[in-house]
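Chain residues, written in single-letter form:
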Amino acid sequence: MLSFAFFGLLASMSGQPKCPVKKIYAYKQASLPGVNPATTGNRETERKETFNYWIYITLPASKPIHINHIWLSGKKFSVTAEEIKTKPVTKINQMAGATNIPTVLVPDTKHKVILLYPSGQLNDAIDLSVNMKKAIEENELVISFTRKEKQRTARKKLISLLYPETLL
């Protein structure tokens, strides 16, 4: 028991600074096109599944960060960040023939809430460390940010799936 406590204390003193990102709330929603696909000759044009993303991070107001870019399912994207003032953050899904019940995306919190928009896929070739490559492979979402001139990451293993909206 004593050795377990010692190793826990040793791990907490490892010199790794605490991540300022307190929580990541990440959602994706399938985009359903309402028009039949175009045909070429006798073949239908293949439809690719696309998603809309809602990515929120919470952090103390006293610990500002700069978001560099994100990786979604292994693909790198530029990002636009916007502070959200109204909490909790909710979204109403438009479901045909159903009551539109709001979904809480971010519960009420004392921390600052930032919405991250993927704003374009990046194809720049950069050398990534072995640890970064592993993080991108093992997590559906990786957020790269800078705090006090140090590069850091925050990770989310899986992004939560929202029901698709029905557009009438």
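Everything below is about the structure printed above this text.
Keep in mind it's a predicted model, so treat the numbers as computed, not measured. (Residues numbered from 1 in each chain as written. Predicted model: local features only at pLDDT ≥ 70, side-chain atom pairs only at ≥ 80, totals over all residues. Heavy atoms only, no water.)

Chemist: What should I look at first to understand the overall build of the protein in this one?
Modeler: Scanning the protein from terminus to terminus reveals two helices and twelve strands. Reading the secondary structure of the protein in the N-to-C direction produces α-β-β-β-β-β-β-β-β-β-α-β-β-β. Looking at the 168 residues of the protein, the share that counts as buried comes to 30%. If you take every contact in the protein between residues at least 6 apart in sequence, the share linking residues at least 24 apart comes to 69%. Total accessible area on the protein stands at roughly 11800 Å², and carbon and sulfur atoms take up 54% of it. (Helix = DSSP H or I, 4+ residues; strand = E, 2+ residues; numbered from the N terminus. Buried < 20%, exposed > 50% of the residue type's maximum accessible area, 1.4 Å probe, protein only. Contact = heavy atoms within 4.5 Å. Areas by Shrake-Rupley, 256 points an atom, 1.4 Å probe, with all protein chains shown as cover.)

Chemist: Can you help me understand the nonpolar core in this one?
Modeler: For soluble globular proteins, the rule of thumb is that nonpolar side chains tend to be buried together. One finds Ile24, Ile55, Ile57, Ile70, Leu116, Leu141 and Ile143 to be the most contacted residues of the largest nonpolar core, which totals 18 residues. For this core, the secondary-structure elements that each account for two or more residues are strand E1 (23-31), strand E4 (50-59), strand E5 (66-72), strand E6 (75-84), strand E9 (112-121) and strand E10 (141-147). If sequence neighbours within four positions are ignored, Ile143 has contacts with Ile24, Ile55, Ile57, Ile67, His69, Ile70, Leu116, Arg152, Thr153 and Ala154. Within the second largest apolar cluster, ten residues are counted, among which are Tyr25, Tyr56, Ile84 and Val106. (Core = buried A, V, L, I, M, F, W, Y, C linked by side-chain atoms within 4.5 Å.)

Chemist: Before we go on, may I ask you to explain the packing of aromatic side chains in this structure?
Modeler: Describing an aromatic ring pair means giving the distance of the ring centres and the angle of the ring planes. Counted according to the given criterion, the structure contains one aromatic pair. Ring plane angle 55° and centroid distance 6.3 Å describe the contact between Phe51 and Tyr53, whose orientation is recorded as tilted. Of the residues examined, Phe51 reaches a relative accessible area of 24% and is grouped as partly exposed. We classify Tyr53 as partly exposed; its relative accessible area is 22%. Between Lys28 and the ring centre of Phe51, over which it is positioned, the NZ or CZ distance is 4.7 Å. (Phe/Tyr/Trp six-rings, centres within 6.5 Å; stacked < 30°, edge-to-face > 60°. Lys NZ or Arg CZ within 6 Å of the ring centre and 35° of its normal.)

Chemist: So what exactly am I meant to see when it comes to the side chain of His69 here?
Modeler: By the secondary structure assignment, His69 is in strand E5. Apart from the residues within four sequence positions on either side, His69 is in contact with Lys76, Phe77, Val79, Leu122, Val142, Ile143 and Ser144.

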